[in-house]
Amino acid sequence: MKNSKTKKADVKKITMIAMLTAIGVVLQYLEISIPFVPAFIKLDFADLPELVGAFVCGPVSGVLICLMRNVIHMLVSQSGFIGELSNFILGAVFALTAGIIYKKMPNFKGVIIGGVVGAIVMGIISLPSNYFLIYPLYYNVMGFPEPAILEMYQLIRPSTKNIAEALLVFNVPFTIVKALICVAMSVAIYKPLHGFLSKIKG
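Report follows, based on the coordinates. (Residues numbered from 1 in each chain as written. Predicted model: local features only at pLDDT ≥ 70, side-chain atom pairs only at ≥ 80, totals over all residues. Heavy atoms only, no water.)

### Observations concerning the environment of A184
Filter applied, for reference: Numbered from the N terminus, helices here are DSSP runs of H or I no shorter than four residues, and strands are runs of E no shorter than two.
Here A184 shows up in helix α7 (residues 163–188). Linking A184 and V116, residues 68 residues apart in sequence, is a C-alpha distance of 9.3 Å.

In structure tokens:
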């Protein structure tokens, strides 16, 4: 009897992960340009499904959803897979952090605290990730000169002296705000989310 229940729970979990991955792929295409950041930085809500997955199915599942949606998106990548790599690193950090906290605090408060802490950690990690890995890949693999990228930031904020400052002033706040929007969405759907979680465990 227990084995039957376990199998049903596993099927529900796999189905949920597949569904959230598909939603994430769709959301990754729905990008919005923001006037206060350079044009190559877009706003999307593709991190929402992996955040939901981390709450419903566990932190590792959230990371798996993030990985799968970025692998699928690589099929149409225009960034030499660099954008997908960056998206995975930050999304995985977000989902893993939020999911671990929620696992220790599986309630409405845990959703808020886990989401907010995950958003902040994601923003903090974006600075070294972009500076030491992602942007150098753009310089050396894609052939985008560092001065040209810096100039795009300087068009918005002329006093920006270097890429490190640009990332700190533009990318870190943008990343945190984008993640917090996803947190707000997850809070709004917490009740049905919690109901689904109960069914999986039941």
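### Looking at the pattern of salt bridges
We apply this condition: Any carboxyl oxygen of Asp or Glu within 4 Å of a side-chain nitrogen of Lys or Arg constitutes a salt bridge here. For each residue, the accessible area found with a 1.4 Å probe, counting protein chains only, is set against the maximum for its type, and the residue is called buried under 20%, exposed over 50%, and partly exposed in between.
Under the criterion given, the structure shown has four salt bridges. Ionic pairing is found between K178 and D47, a salt bridge with its closest N-O pair at 3.7 Å. Of the two residues, K178 sits in helix α7 while D47 sits in helix α2 (residues 47–57), which places them 131 residues apart along the sequence. With respect to burial, K178 and D47 carry one shared label: buried. Note that E50 and R69 form a salt bridge whose closest N and O atoms lie 2.7 Å from each other. Within this pair, whereas E50 is found in helix α2, its partner R69 is found in helix α3 (residues 59–73), the two being separated by 19 residues in sequence.

### A word on the state of the cysteines
In plain terms, the rule: The criterion for a disulfide is a pair of cysteine sulfur atoms lying within 2.5 Å.
Under the definition given, this model contains zero disulfides. The cysteine C66 is free of any disulfide, with C182 supplying the nearest cysteine sulfur at 11 Å. Exposure remark for C66: the relative accessible area of 0% places this residue in the buried category. When its relative accessible area of 0% is taken as the criterion, C182 is described as buried.

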